[in-house]
Amino acid sequence: MATHLRKGLERLKQFYIKKLMESEQQSGTSASELHSLTIRELANLYKKTYPANK
C-alpha cells in the first residue's frame, strides 16, 4: 500500500509541475526549481496561479 501512496504523490507532484510550467506566471521558473519544492508548496503555488472560480 505504501508503494501506491508514493506513486500517487509522485503523480500529483508531476501534475503540479506540468501545470505550473505551462502557466505564464511561472515562465521564469525552471523545472529543477519546481522539483525541489514539497507537494504542499507546489499546491499553494498552483492555487495562486489557478484560483478557483467562485
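About the cut-offs
Residues numbered from 1 in each chain as written. Predicted model: local features only at pLDDT ≥ 70, side-chain atom pairs only at ≥ 80, totals over all residues. Heavy atoms only, no water. Axes fitted to C-alpha atoms, helices over the stretch in contact; angles between N-to-C directions. Helix = DSSP H or I, 4+ residues; strand = E, 2+ residues; numbered from the N terminus. Left-handed = near helix turned anticlockwise from the far one by under 90°. Contact = heavy atoms within 4.5 Å. Core = buried A, V, L, I, M, F, W, Y, C linked by side-chain atoms within 4.5 Å. Buried < 20%, exposed > 50% of the residue type's maximum accessible area, 1.4 Å probe, protein only. Polar contact = N/O pair within 3.5 Å; in protein donor to acceptor, adjacent residues only side chain to side chain.

Novice: Pulling in residues and values, what's your account of the packing of helix H1 (residues 2-22) against helix H3 (residues 39-49)?
Specialist: Two elements in contact, H1 and H3, have axes separated by 10 Å at closest approach and are oriented at 35°. For the pair H1 and H3, the sense of crossing is left-handed. Of H3, the residues touching H1 (which contributes Leu9, Leu12, Lys13, Phe15, Tyr16, Ile17, Lys19 and Leu20) are Ile39, Leu42, Ala43, Leu45, Tyr46 and Thr49.

Novice: Go over the nonpolar core, please, and point to the residues and values.
Specialist: Of all hydrophobic cores here, the largest spans 7 residues; its members are Tyr16, Ile17, Leu20, Leu34, Leu42, Ala43 and Tyr46. Where this core is concerned, the elements lending two or more residues are H1 and H3. Apart from the residues within four sequence positions on either side, leucine 42 is in contact with Lys13, Tyr16, Ile17, Leu20, Leu34 and Leu37.

Novice: Mind laying out the side chain of threonine 49, listing which residues take part and the relevant values?
Specialist: Structurally, threonine 49 can be placed in helix H3. Here the side chain of threonine 49 touches leucine 45 through a polar contact of 2.8 Å, landing on its backbone oxygen.

Everything listed here is a matter of geometry and, on its own, says nothing about what the molecule does.
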